[in-house]
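# Summary of structural features
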Amino acid sequence: MIIKSLELADFRNYETINISFDKGTNILYGDNAQGKTNILEAIYVSATTKSHKGSKDKEIVNFNKEEAHIRTYLEKEDVEYRVDMHLRKNKSKGIAIDGQKIKKAADLLGLLNVVFFSPEDLAIIKNGPSERRRFADMELCQLDNFYLYNLNHYNKIINQRNKLLKDISFNPGLKETLNIWDSQLISFGSKIIERRNLFTEQLCEIIGNIHNKLSGGKEELIVKYEPDVSIEEFENKMRENQEKDIRYKMTQSGPHRDDFSFIVNGIDIRKFGSQGQQRTAALSLKLSEIELVKKMTKDTPVLLLDDVLSELDSSRQNYLLNSIGEIQTIITCTGLDEFVNNRFEINRIFKVSNGVISMNE
Ligand SMILES: Nc1ncnc2c1ncn2[C@@H]1O[C@H](COP(=O)(O)OP(=O)(O)OP(=O)(O)O)[C@@H](O)[C@H]1O
Ligand SMILES: [Mg+2]
């Protein structure tokens, strides 16, 4: 799968631009705050409908405008598609595929698969559980429409249940309605647990080899899913927790509290790993994500590398660039120096300067 071109209008610091990408490796370079990451964000939005940073549409639309447009031409199994997005400051976004409006964001997912890699991802092992859940969710939502459906419902129920827990302190009679929410919570939550479990197994089949190579044959990496509560215990746990939930006005248990552990040679590196070990494992995780998407979609995703190369030492840089292979890649960086010593092929170079993009010949 490749992105052929991207057109933006009033998106972040861009007025109107049109970029044609090569099917191989593309570089966007320029000083800080010129708009490099904004391009990757636009691509991410047209793949997932959401910003990789979690920005709202009203933040993405140019400061001085009311609406923005993203048009993406992509090619998948020799068929061309056009994805149009219309972002508005005060309304939800409109999406069309080949001129046909779609009703639900879910209908777009799966058309364009992207893997986004930013320097913050290198801290995914070191940081808290919410970032590891976000990683799994971002990937699973792209790969599995049912997961997206279940997760959206689960999150809504958690919000409504938490609101109810607050209301119960003023109106204890409402307590009776809690059971209705709980059975729904368990039903959607169990599906999430099941899928995350499978995801971890699929990831584990891939990551071991990659990490072994990255660590020069020294390290054995295993990823383990740590559900906050198992499917079997879910119902009991919810019942047991009811009084405590009411006291804390918060749902204590469920997949919104899940985590994933990373074990290297028997040691949990979330807590006991060195910084280098944690970063190498994070890189292994990202590389596995690419492989997993390839395996599940039988197609290649588009890889977006936001300023990560400068964060890696040269052997890891080489490993990353060599493992890209046949995947279309869009890389942002501040200078081209870091590529001089690397012998890999660059197919197209763009300079980004204050919302203007020019192609290096
Ligand atoms: N809604 C918006 N409207 C107009 N400009 C915006 C908007 N949101 C962000 N910007 C501008 O976009 C610029 C940041 O762009 P971006 O994050 O893509 O920079 P970058 O080239 O990736 O920089 P760095 O190298 O520091 O990562 C900033 O100058 C910011 O003011
Ligand atoms: Mg940037």
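An account of the accompanying structure is given in this report. (Residues numbered from 1 in each chain as written. Chains lettered and ligands numbered in written order. Predicted model: local features only at pLDDT ≥ 70, side-chain atom pairs only at ≥ 80, totals over all residues. Heavy atoms only, no water.)

Around ligand 1, the structure places 15 residues, and the nearest of them are Ala33, Lys36, Thr37, Asn38 and Glu59. Between ligand 1 and Gln34, the relevant distance is 3.1 Å, taken from an oxygen atom to a main-chain nitrogen or oxygen of the residue. The side chain of Lys36 places a nitrogen or oxygen atom 2.8 Å from an oxygen atom of ligand 1. Taking 650 Å² as the accessible area of ligand 1 by itself, protein coverage stands at 74%. Those elements that provide at least two residues to the shell around ligand 1 are helix H1 (36-48) and helix H2 (57-60). With three residues, H1 is the largest single contributor of residues to the shell around ligand 1. Residues belonging to the shell around ligand 1 are distributed by class as follows: four nonpolar, seven polar and four charged. (Near = heavy atom within 4 Å. Polar contact = N/O pair within 3.5 Å; in protein donor to acceptor, adjacent residues only side chain to side chain. Areas by Shrake-Rupley, 256 points an atom, 1.4 Å probe, with all protein chains shown as cover. Helix = DSSP H or I, 4+ residues; strand = E, 2+ residues; numbered from the N terminus. Nonpolar A, V, L, I, M, F, W, Y, C, P; charged D, E, K, R; others polar.)

What follows covers helix H6 (residues 231-248). Approximately 50 degrees is the largest bend angle found in H6, and it occurs at Gln242. Looking at H6, one finds that the buried residues are Phe234, Met238, Asn241, Gln242, Asp245 and Ile246. Buried residues along H6 sit in contact with helix H4 (145-168) and helix H5 (178-214). Looking one or two places after H6, you find Lys249, whose phi comes out positive at around 55 degrees. (Bend = angle between axes of the 7 residues up to and from the residue. Buried < 20%, exposed > 50% of the residue type's maximum accessible area, 1.4 Å probe, protein only. Contact = heavy atoms within 4.5 Å.)

With that out of the way, let us pick up the environment of Glu243. As for its position among the elements, Glu243 is in helix H6. Given the relative accessible area of 45%, Glu243 is considered partly exposed. Remark: the alpha-carbon pair of Glu243 and Asp313, spanning 70 residues in sequence, is separated by 52 Å.

A few words on the pattern of salt bridges. Opposite charge on two side chains lets them pair, provided their charged atoms get close. Enumeration over the complete set of coordinates arrives at 27 salt bridges. Lys65 is the salt-bridge partner of Asp10, the closest N and O atoms lying 3.2 Å from each other. Highlighted residues: Asp10 in the loop between strand E1 (2-9) and strand E2 (16-20) and Lys65 in the loop between H2 and strand E4 (67-76), separated in sequence by 55 residues. A salt bridge links Lys175 to Glu243; its shortest N-O distance comes to 2.7 Å. You can see Lys175 sitting in the loop between H4 and H5 and its partner Glu243 sitting in helix H6, a full 68 residues away along the chain. Counted as one network, the salt bridges with shared partners bring together Arg132, Glu226, Asp259, Asp268 and Arg270. (Salt bridge = Lys/Arg side-chain N within 4 Å of Asp/Glu carboxyl O.)

Turning our attention to the side chain of Lys36. Locating Lys36 in the fold gives a position in helix H1. A polar atom in the side chain of Lys36 sits 3.0 Å from the backbone oxygen of Gly30. The residues touching Lys36, leaving out its near neighbours within four places in the chain, are Tyr14, Leu28, Tyr29, Gly30, Asp31, Thr332, Cys333, Thr334 and Val352.

That's the geometry; what it means functionally is another story.
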